[in-house]
Amino acid sequence: MKTENIRIGTEFPLDGILTLPDDTSVPVPACVFVHGSGSSDKDEHIGKLYPFRDLAEGLGRQGIASYRYDKRSYVHGLKMIRSKKPITVREETIEDAITAADMLRKDSRIDPERIYIIGHSMGAMLAPRIDAEGGNYRGLILMAGSPCSLDEIMIRQLNELSGQQGKIAGYILGKQKEKIFSQFEKMDSVSDEEAMKIKMGGGTTLYYWVDMKKHPVSQYLEKLEKPVLIMQGSMDAQVRKDIDYAAYQEMLKGRENVTFRLYPGLSHLFVPASTDNIAKAPAEYKIPKKIPDDVINDIAAWIREN
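Residues numbered from 1 in each chain as written. Predicted model: local features only at pLDDT ≥ 70, side-chain atom pairs only at ≥ 80, totals over all residues. Heavy atoms only, no water.

Here we look at the layout of surface pockets
Looking at the largest pocket, its volume works out to about 1200 Å³. For the largest pocket, the lining is made up of 46 residues, of which Gly-36, Ser-37, Gly-38, Gln-157 and Gln-238 are closest to its centre. Elements that contribute at least two residues to the lining of the largest pocket include exactly helix 2 (72–82), helix 4 (122–135), helix 5 (150–162), helix 6 (167–184), helix 8 (206–214) and helix 11 (281–284). Here the lining of the largest pocket gets 6 residues from one element, more than from any other, and that element is helix 5. Space inside the second largest pocket adds up to approximately 170 Å³. Residue lining of the second largest pocket: 13 residues in total, with Ile-81, Lys-199, Gly-203, Thr-204 and Thr-205 positioned closest to the centre. Counted by class, the lining of the second largest pocket contains 6 nonpolar, 4 polar and 3 charged residues. (1 Å grid on protein atoms, 1.4 Å probe; cavity = no way out; pocket = protein on both sides within 12 Å on 5 of 7 lines; lining within 4 Å. Points joined across faces, edges and corners; volume = space filled by probe spheres on them. Helix = DSSP H or I, 4+ residues; strand = E, 2+ residues; numbered from the N terminus. Nonpolar A, V, L, I, M, F, W, Y, C, P; charged D, E, K, R; others polar.)

What about the pairing of strand 8 (residues 258–263)?
Pairing of strand 7 (residues 228–233) with strand 8 involves 6 bridges; the strand directions are parallel. By the bridge assignment for strand 8, Val-228 is matched with Val-258. Of the crossover connections in this fold, the one passing from strand 7 over helix 10 (residues 241–251) to the parallel strand 8 is right-handed. (Pairing = 2+ DSSP bridges. Right-handed = clockwise from strand over helix to strand, strands pointing away.)

Some remarks on the pattern of salt bridges
If the charged atoms of two oppositely charged side chains come close together, the side chains can form a pair. Evaluation of the coordinates by the stated rule reveals 22 salt bridges. One salt bridge in this structure joins Arg-68 and Asp-43, with 2.8 Å as the shortest N-O distance. Residue Arg-68 is found in strand 4 (residues 65–69), and its partner Asp-43 is found in the loop between strand 3 (28–34) and helix 1 (51–60); the two are separated by 25 residues along the sequence. We note that Arg-68, like Asp-43, is buried. Salt bridges here are not isolated pairs; linked through shared partners, they connect Arg-90, Arg-129, Glu-133 and Asp-211. (Salt bridge = Lys/Arg side-chain N within 4 Å of Asp/Glu carboxyl O. Buried < 20%, exposed > 50% of the residue type's maximum accessible area, 1.4 Å probe, protein only.)

Describing the side chain of Glu-91
Position of Glu-91 among the secondary structure elements: in helix 3 (residues 89–105). Overall, Glu-91 belongs to the buried group, its relative accessible area being 12%. For Glu-91, the side chain forms a polar contact with the side chain of Thr-88, separated by 2.5 Å. Excluding residues that lie within four positions of it along the chain, Glu-91 makes contacts with Arg-72, Met-80, Lys-85, Pro-86 and Asp-96. (Polar contact = N/O pair within 3.5 Å; in protein donor to acceptor, adjacent residues only side chain to side chain. Contact = heavy atoms within 4.5 Å.)

Describing the side chain of Asp-236
Position of Asp-236 relative to the elements: it lies in the loop between strand 7 and helix 10. Of the side chains with opposite charge, Arg-240 lies nearest to the buried Asp-236, which makes no salt bridge, at 6.6 Å. Within polar-contact distance, the side chain of Asp-236 engages the side chain of His-268 at 2.8 Å. Setting aside its immediate chain neighbours within four residues, Asp-236 contacts Ala-144, Leu-266, Ser-267, His-268 and Asp-276. (Lys, Arg positive; Asp, Glu negative; His and termini not counted.)

So, the pairing of strand 7
The buried fraction of strand 7 is high, at 6 of 6 residues. The two faces of strand 7 match: Val-228, Ile-230 and Gln-232 on one face and Leu-229, Met-231 and Gly-233 on the other face are all buried.

Some thoughts on the environment of Lys-290
Here Lys-290 is to be found in the loop between helix 11 and helix 12 (293–305). Residue classification places Lys-290 among the exposed residues on the basis of a relative accessible area of 54%. Residues Lys-290 and Val-210, 80 residues apart in the sequence, show an inter-C-alpha distance of 36 Å. Here Lys-290 is in contact with Asp-54, Glu-57, Val-271 and Pro-272, once residues within four sequence places are set aside.

Brief notes about the packing of helix 4 against helix 8
To characterise two packed helices, one gives the angle between the axes of the helices and the distance between these axes. Where helix 4 meets helix 8, the closest approach of the two axes is 11 Å, and the angle between their N-to-C directions is 55°. Here helix 4 lies oblique to helix 8, going by the angle between them. Contact residues: Met-122, Met-125, Leu-126 and Arg-129 in helix 4; Tyr-208, Asp-211 and Met-212 in helix 8. (Axes fitted to C-alpha atoms, helices over the stretch in contact; angles between N-to-C directions. Parallel < 35°, antiparallel > 145°, perpendicular 65-115°, else oblique.)

By themselves, these are just geometric observations and shouldn't be taken as functional.
This is the structure:
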C-alpha cells in the first residue's frame with residue numbers, strides 16, 4: 001500500500017490523499033469518500049477516531065484504491081461565508097465529490113469503470129444525488145445514512161438531546177431548539193429568496209435546508225438501478241436502526257441491486273460502542289478505536305462482486 005498527496009479544485013483547492021495498493025500493474029477499483037455534516041478533514045477525524053483513514057488503509061490492503069480529501073467548509077469556510085452565493089450542499093459537498101471522481105478516472109492506475117462512492121452520514125444521504133448530478137459511480141456505499149429529511153433528523157436529535165441535559169444546559173438547548181424549529185416551520189411557506197435571508201448556524205441560511213428538502217433521498221434511490229450497499233451500526237446514536245435503517249429497508253425491499261448490512265455493537269462511526277445515548281456519543285469518540293475488519297472485508301467483497 002502506498003499514498004500520494006493530490007490536490008483537487010481551483011477556486012476552492014483541497015488537499016487529499018490517494019491510497020493505492022502495492023500492485024497497480026492492472027488498473028484497480030477505487031472509492032471516493034464523502035464526509036458527514038459539519039467541517040471535517042480528509043480523515044473525517046473526530047476525537048480520537050479517524051474513520052476515513054481506517055477505511056482507506058483497510059481497502060488498500062485488499063487491492064482497492066481510495067481518495068479522501070478535506071471538506072470544503074473545513075478549509076474555506078470563511079471564504080464560503082463571505083461569498084454572495086448562498087451555501088447549499090452543492091457548494092459544500094457535491095461539486096468536490098464529482099471533481100474527485102473525475103480525477104480518479106484520468107489516473108491510468110485506476111479502472112475508470114469501477115469507481116465507487118462511500119458516503120458517511122450526511123455524505124450517505126447525498127451520495128445518490130452526487131451520482132445523479134455528475135458523479136456517475138459504478139456503485140454506492142451508504143454508511144450510517146438515512147432516507148429521512150435532514151430537518152426531520154435534526155429535530156429528532158435535538159429532542160433526544162434536550163431530554164438528557166441538566167437544568168441549565170437543558171434550558172439553553174431548549175431556547176436554541178425553539179428558534180431552529182420555528183425557522184424550519186417556514187420552509188414550506190417562504191420563497192427561495194426569503195429563505196436565503198434567514199440565517200441559520202455555520203454561515204448557512206434556511207435555503208440550505210430548503211434545498212435539501214427539494215432533493216429527497218427517495219427521489220434518487222427509488223429509481224436507482226446501480227448496486228447499493230447500505231451499512232448501519234446497531235449502537236448508532238445519530239441515525240437509528242429502528243427508524244432510518246428500517247426506512248431504507250421499507251423503501252427498497254425486494255430490490256435485487258440493494259444489499260443491507262447491520263453491525264451489532266457499532267457506533268455512528270462504525271467502531272465498538274458501549275451506548276447509543278446521543279448525549280454520551282462525544283465521550284465515546286474520545287476513546288481511540290478502529291473500524292473492525294469485518295466492516296472493511298464486507299466493503300471489499302461487495303466491490304469485488306459489483
